[in-house]
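Structure at a glance
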Amino acid sequence: MLIDRFEGPHGWLSNFHQHPLVLGGVRFGSVEHLFNASKSLDRDEREHVRAAPTPAEAKRRGRRVTLRPRWDEQVRFDVMRMALRAKFEDPDLRGLLLGTGDALLIEGTGDAKRAWHDQVWGQCSCDEHRAWPGRNELGRALMGVRADLAGHPADRWTRVMVTGHRPQHLDPE
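Described in the following lines is the structure provided in the data block. Once a new chain begins, its residue numbering starts again from 1 and follows that chain's sequence as written. With the structure being a predicted model, the display of local features is reserved for residues of pLDDT at least 70 and the display and counting of side-chain atom pairs for 80 or more, all residues being used for whole-chain, interface and lining totals. Only hydrogens and water are set aside when side-chain values are computed; all heavy atoms of the structure are taken into account.

**As for the overall build of the protein**
How we decide: The helix and strand labels rest on DSSP assignments: H or I over at least four residues marks a helix, E over at least two residues marks a strand, and numbering proceeds from the N terminus. We call a residue buried when its accessible area falls under 20% of the maximum for its residue type, exposed when it is over 50%, and partly exposed in between, using a 1.4 Å probe and counting protein chains only. Contacts are assigned to residue pairs that have any heavy atoms within 4.5 Å of one another. Working definition of accessibility: Shrake-Rupley area with a 1.4 Å probe, residue cover restricted to the visible protein chains.
Helix and strand counts for the protein stand at six helices and four strands. When the helices and strands of the protein are listed from N to C terminus, the series reads β-β-β-α-α-α-α-α-β-α. Each of the 173 residues in the protein was classed as buried or not, and the buried ones make up 42%. A separation of at least 24 residues holds for 56% of the contacts in the protein among residues at least 6 apart in sequence. Put simply, the protein shows about 10,000 Å² of open surface, and 51% of that area lies on carbon and sulfur atoms.

Take a look at the structure:
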């Protein structure tokens, strides 16, 4: 099974899903709020991002903060995993995530209708980016959290390489 859009019935997988989470005693409106607030070590900048009324505004505010050391190299990936673990402490969301079973989770970030072309956190399938796979770091982190919650080793997946194709373009049969 493949889930390649974190919207509609799978919108709860998105970092923009407005569902409060708590980390270190601090409440955040979404994973996007926590992630962008964590970009800075400055208390005022963090609070400004955390207080944003929407995930989109938290993302906008996060673009204007002073980045903490090593943010782009490694810290952002560690923060994302931490934020997702906090999100799925909620029993309802945990149940939904576990209910995806072994589905391949891909943050689809581009098609003919709507595209933001993210090849780090997702995978864009627009004509311009279709030639190379995105890293799908968000999908991979979600599958890692799901494996942890289910008590499965994170590396239990069989790896298959298919050149010239993208999973969303393969016939399920």
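**Things to note about the packing of helix α4 (residues 71-87) against helix α6 (residues 137-150)**
Just so we agree on the cut-off: The angle between two axes is taken between their N-to-C directions and runs from 0 to 180 degrees, where each axis is a line fitted to C-alpha atoms and a helix contributes only its stretch in contact. Should an angle lie under 35 degrees it is considered roughly parallel, over 145 roughly antiparallel, and from 65 to 115 roughly perpendicular; all remaining angles are considered oblique. The handedness criterion is simple: a crossing whose near helix is rotated anticlockwise from the far helix by less than a right angle is left-handed, and one whose near helix is rotated clockwise is right-handed. For this scheme, ten residues count as nonpolar: Ala, Val, Leu, Ile, Met, Phe, Trp, Tyr, Cys and Pro. Four count as charged, namely Asp, Glu, Lys and Arg, and the remainder, Gly too, count as polar.
Closest axis-to-axis distance for the α4/α6 pair is 10 Å, and the angle between their directions is 45°. By the angle class used here, α4 and α6 are oblique. With respect to the hand of their crossing, α4 and α6 are arranged in right-handed fashion. For the pair formed by α4 and α6, the contact residues are F77, M80, R81, L84 and R85 on the first element and E137, L138, A141, L142 and V145 on the second. Partitioned by chemical class, the residues of the contact of α4 with α6 number seven nonpolar, no polar and three charged.

**Examining the packing of aromatic side chains**
As a reminder, the rule being used: Pairing of aromatic rings covers Phe, Tyr and the six-membered ring of Trp, with a centre-to-centre limit of 6.5 Å; geometry is then stacked below 30 degrees between planes, edge-to-face above 60, and tilted otherwise.
Counted according to the given criterion, the structure contains four aromatic pairs. Plain terms: the ring middles of W12 and F88 are 6.4 Å apart, the flat faces sit at 80° to each other, and that makes the pair edge-to-face. With W12 in the loop between β1 (2-3) and β2 (21-23) and F88 in the loop between α4 and α5 (91-98), the pair connects residues that are 76 residues apart, well separated along the chain. Take W12 and F88: they sit in the same class, and that class is buried. Each member of the aromatic cluster is reached from another via a ring pair, and the members are F35, W71, F77 and W121.

**Quick word on the nonpolar core**
Which entries qualify depends on this criterion: Among buried residues, those of type Ala, Val, Leu, Ile, Met, Phe, Trp, Tyr and Cys that are joined through side-chain atoms within 4.5 Å constitute a nonpolar core. For each domain, the first and last residues come from an automatic or database assignment.
Ranked by size, the top nonpolar core spans 33 residues in total, and within it L13, L84, F88, L105 and L142 carry the most contacts. Every element with two or more residues in this core is listed here: α1 (31-37), α4, α5 and α6. Each of domain 1 (1-16 + 90-167) and domain 2 (20-75) gives at least three residues to this core. If sequence neighbours within four positions are ignored, L142 has contacts with F6, L13, L84, F88, L97 and L105.

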